[in-house]
Amino acid sequence: MTTTAVPESTLADTVLARLTEVYPRAGDPFRAQEMIAYMKGVAPFLGIRTPERRALSRSVLDGLPAPAESDCTALALRCFALPEREYHYFAVDYLRRHVRRCSSAFLPVARTLVTTVSWWDTVDHLAAHVVGGLVAADPALGDVMDEWIADDDLWVARTALLHQLRFKTATDADRLFAHCLLRSGHPDFFVRKAIGWSLREYAKTAPDEVRAFVAQNGSRLSPLSVREALKNL
């Protein structure tokens, strides 16, 4: 896991003080155990369902100003340093909302979050909405995605595969296809699934291109990746 310094932030101080008061009071120990089991024990949970958690989050943020990039960094890193998963979800939701306030320099922070208590429930949102948002704003960051796709950490590679999920006609198809082929032999389910998912999503915009890619390269892709890619075609 990459280590990123936590900047000083009065806004983050305020949010964390409110958050760590409000969230635990709403927790349900029985529901927490169900959530832990569903998420394969990746982290402890307070036991707050998503609609209730988001309503609480709105109350926590009520009356507070929009953040600067340093506030986003401090808040996200401090939330991810807390054990319970709901705090991580809060940080991801917050970054999704404010990613346009972050510059390209935020990408190493996003990588730190991707590699902290990694599981699909946070990584996929970070990939599509945070990392993807940063790359959309600064296409030069695509070169960094070319580094991430080759990373030994499967969640970093998955992020590179999924960062264009919401790009539609702005998708860099050459990069997408190259990334899929580069990791086509990866043995892990989450990488193979991400290959198929990224292709399936692009197929909504360019179905003929995805069909042709799979027809030409199907023998190099796992059956799972092919099945996912062609699911809606």
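The structure reproduced in this document is the subject of the present report.

The rules behind each value
- Residues numbered from 1 in each chain as written.
- Predicted model: local features only at pLDDT ≥ 70, side-chain atom pairs only at ≥ 80, totals over all residues.
- Heavy atoms only, no water.
- Helix = DSSP H or I, 4+ residues; strand = E, 2+ residues; numbered from the N terminus.
- Rg over C-alpha atoms; globule rule 2.2 N^0.38 Å.
- Buried < 20%, exposed > 50% of the residue type's maximum accessible area, 1.4 Å probe, protein only.
- Contact = heavy atoms within 4.5 Å.
- Lys, Arg positive; Asp, Glu negative; His and termini not counted.
- Charge placed at Lys NZ, Arg CZ, Asp CG, Glu CD.
- Core = buried A, V, L, I, M, F, W, Y, C linked by side-chain atoms within 4.5 Å.
- Patch = residues over 30% accessible without salt bridge, like charges linked within 9 Å, V, L, I, M, F, W, Y side chains within 5 Å.
- Areas by Shrake-Rupley, 256 points an atom, 1.4 Å probe, with all protein chains shown as cover.
- Salt bridge = Lys/Arg side-chain N within 4 Å of Asp/Glu carboxyl O.
- Expected span 1.5 Å × (residues − 1).
- Axes fitted to C-alpha atoms, helices over the stretch in contact; angles between N-to-C directions.
- Parallel < 35°, antiparallel > 145°, perpendicular 65-115°, else oblique.
- Nonpolar A, V, L, I, M, F, W, Y, C, P; charged D, E, K, R; others polar.
- Left-handed = near helix turned anticlockwise from the far one by under 90°.
- Polar contact = N/O pair within 3.5 Å; in protein donor to acceptor, adjacent residues only side chain to side chain.

A separate point is the overall build of the protein chain. Summing up its helical and strand segments, the protein chain has 13 helices and 0 strands in all. Along the protein chain, from the amino end to the carboxyl end, the secondary structure elements read α-α-α-α-α-α-α-α-α-α-α-α-α. A compact globule built from 233 residues should have a C-alpha radius of gyration of about 17 Å, and the protein chain, at 19 Å, falls within 12% of that. When the backbone C-alpha atoms are referred to their principal axes, the protein chain occupies close to 55 × 40 × 30 Å. Burial statistics for the protein chain: of 233 residues in total, 52% are counted as buried. Pairs at least 24 apart in sequence give 72% of the contacts found in the protein chain among residues at least 6 apart. The positive charge centre, built from 28 side chains, and the negative charge centre, built from 28, are 6 Å apart in the protein chain.

So, on to the nonpolar core. Nonpolar side chains in soluble globular proteins generally cluster together in the buried interior. Phe90 and Leu199 are the most contacted members of the largest nonpolar core, which has 78 residues in total. With 8 residues, helix H7 (residues 120-137) is the single largest residue contributor to this core. If we skip the residues at most four places from it in the chain, Phe90 touches Val15, Leu19, Tyr23, Arg53, Ser57, Leu61, Leu75 and Cys79.

This brings us to a positive patch on the surface. On the surface, a cluster of positive charge is contributed by Arg96, Arg100, Arg166 and Lys168. Within the fold, Arg100 resides in the loop between helix H5 (85-98) and helix H6 (107-114).

Over its 14 residues, H5 extends 20 Å from the first C-alpha to the last, a length consistent with the 20 Å expected when each residue adds 1.5 Å. Listing the buried residues of H5 in full gives Arg85, Glu86, Tyr87, His88, Tyr89, Phe90, Ala91, Val92, Tyr94, Leu95 and His98. In this fold, the buried residues of H5 make contact with helix H1 (10-25), helix H2 (29-38), helix H3 (50-61), helix H4 (69-80), H6 and H7.

The next subject is the environment of Gly133. With respect to the helices and strands, Gly133 occurs in helix H7. Separated by 30 residues in sequence, Gly133 and His163 have C-alpha atoms that sit 8.2 Å apart.

Now for the packing of H5 against H7. Closest axis-to-axis distance for the H5/H7 pair is 10 Å, and the angle between their directions is 10°. Between H5 and H7, the angle is such that the two are roughly parallel. Facing Arg85, His88, Tyr89, Val92, Leu95 and Arg96 of H5, the residues of H7 in contact are Asp121, Thr122, His125, Leu126, His129 and Val130. Split into classes, the residues belonging to the contact of H5 with H7 amount to 5 nonpolar, 4 polar and 3 charged.

What follows concerns the pattern of salt bridges. Tallied over the entire structure, the rule returns 16 salt bridges. The closest approach of N and O atoms between Asp143 and Arg175, which form a salt bridge, is 3.5 Å. Note that Asp143 is positioned in helix H8 (residues 142-148) and Arg175 in helix H10 (residues 173-182), a separation of 32 residues in sequence. Linked through salt bridges whose partners overlap, the residues forming this network are Asp143, Asp146, Asp172 and Arg175.

We now examine the packing of H7 against helix H9 (residues 154-162). At a minimum axis distance of 9 Å, the contact between H7 and H9 shows a crossing angle of 40°. If you check the angle between H7 and H9, you find them oblique. H7 and H9 meet at a crossing whose hand is right-handed. Counting all contacts with H7, which are made through Trp120, Val123, Asp124, Ala127, Ala128 and Val131, the residues of H9 involved are Trp155, Arg158, Thr159 and Leu162. A per-class count over the contact of H7 with H9 returns 7 nonpolar, 1 polar and 2 charged.

A few words now on the side chain of Ser198. Summarising the element assignment, Ser198 is placed in helix H11 (residues 189-203). Among the residues examined, Ser198 registers a relative accessible area of 5% and is labelled buried. Apart from the residues within four sequence positions on either side, Ser198 is in contact with Leu161, Leu162, Leu165, Leu176 and Cys180.

Structurally, His129 is set in helix H7. Residue class for His129 comes out buried when judged on its relative accessible area of 17%. There is a polar contact of 3.3 Å between the side chain of His129 and the side chain of Arg96.

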